[in-house]
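# Coordinate analysis (summary)
What follows is the residue order along each chain.
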Amino acid sequence: RGDASRLPFASACFDQVITVWMLEHVLDPMQVMREALRVLKPGGLLVCTEVDNTSFGFSPTQCAIAEWWDCFNRYQASNGGDPFVGRRLAELAGRLGCRDFDSEQVAIISSRREPERRLVLLEYLRDLLLSGARNLLQAGYADAGLLRRLQDEFNAVREDPEVHFQYSAVRLRCRPNDGSRT
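Throughout what follows, the structure given in this document is the object of discussion.

The rules behind each value
- Residues numbered from 1 in each chain as written.
- Predicted model: local features only at pLDDT ≥ 70, side-chain atom pairs only at ≥ 80, totals over all residues.
- Heavy atoms only, no water.
- Helix = DSSP H or I, 4+ residues; strand = E, 2+ residues; numbered from the N terminus.
- Contact = heavy atoms within 4.5 Å.
- Core = buried A, V, L, I, M, F, W, Y, C linked by side-chain atoms within 4.5 Å.
- Buried < 20%, exposed > 50% of the residue type's maximum accessible area, 1.4 Å probe, protein only.
- Pairing = 2+ DSSP bridges.
- Right-handed = clockwise from strand over helix to strand, strands pointing away.

### Some details on the environment of A107
Examined against the element boundaries, A107 turns out to sit in strand β4 (residues 99-110). In the structure, A107 is positioned 61 residues away from S168 in sequence and 4.5 Å away in space, judged by C-alpha atoms. When neighbours within four sequence positions are excluded, A107 is seen to be in contact with Y167 and S168.

Quick look at the structure:
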């Protein structure tokens, strides 16, 4: 437990810092990255894997899932999160004075070619989207009818191997400019 924007560690004490699906939930991802860079030893590596929710989609389109996804993203943004932070990681690293940074897309694809993986990913995705149900309903971003349609679509998609989905994460690797630590 702690505050990622004020880490309780001395400067230059870690070889590597890794964040996964975290920066999307903080008010100031740049401050969290700044702190991560502060605690890195010279030559250390920061690796951030984050969402870019614009890349999410089913083929063919699943209307209730797409509508719920939109509600999910709007709710997260209204609470200070950034469901699209992945596409900004390289810019943030540059603004923080990092050197040797690069970012890459990491594709998560579900298709009939790998039926077991497809089912695991669908279950994970369904659970992820349902994890926000109480908050989305209470805040008025979604209603019980949309929730039922979402669940029905997931049940139908599970049974139809021709329906696949894709999603991309962004992975940033960067090193601080040791000459002028952030």
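### Points about the nonpolar core
Formed by 24 residues in total, the largest nonpolar core has its most connected members in F58, W68, L129 and F154. Elements represented by at least two residues in this core include exactly α2 (63-78), α4 (115-130), α5 (133-138), α6 (144-159) and β5 (164-175). The leading source of residues in this core is α2, at 6 residues. Discounting residues that sit within four places of it in the chain, W68 has contacts with L129, A133, L136, A142, L146, L147 and L150. In terms of nonpolar packing, the next biggest core, distinct from the first, is built from 21 residues, V32, M33, A36 and L37 among them.

### Description of the pairing of strand β1 (residues 14-20)
Here 6 bridges tie β1 to strand β2 (residues 40-51), and the two strands are oriented parallel to one another. Residue Q16 lies in a different strand from β2, and its bridge partner there is L45. For the crossover that starts at β1, traverses helix α1 (residues 29-38) and ends in the parallel β2, the hand is right-handed.

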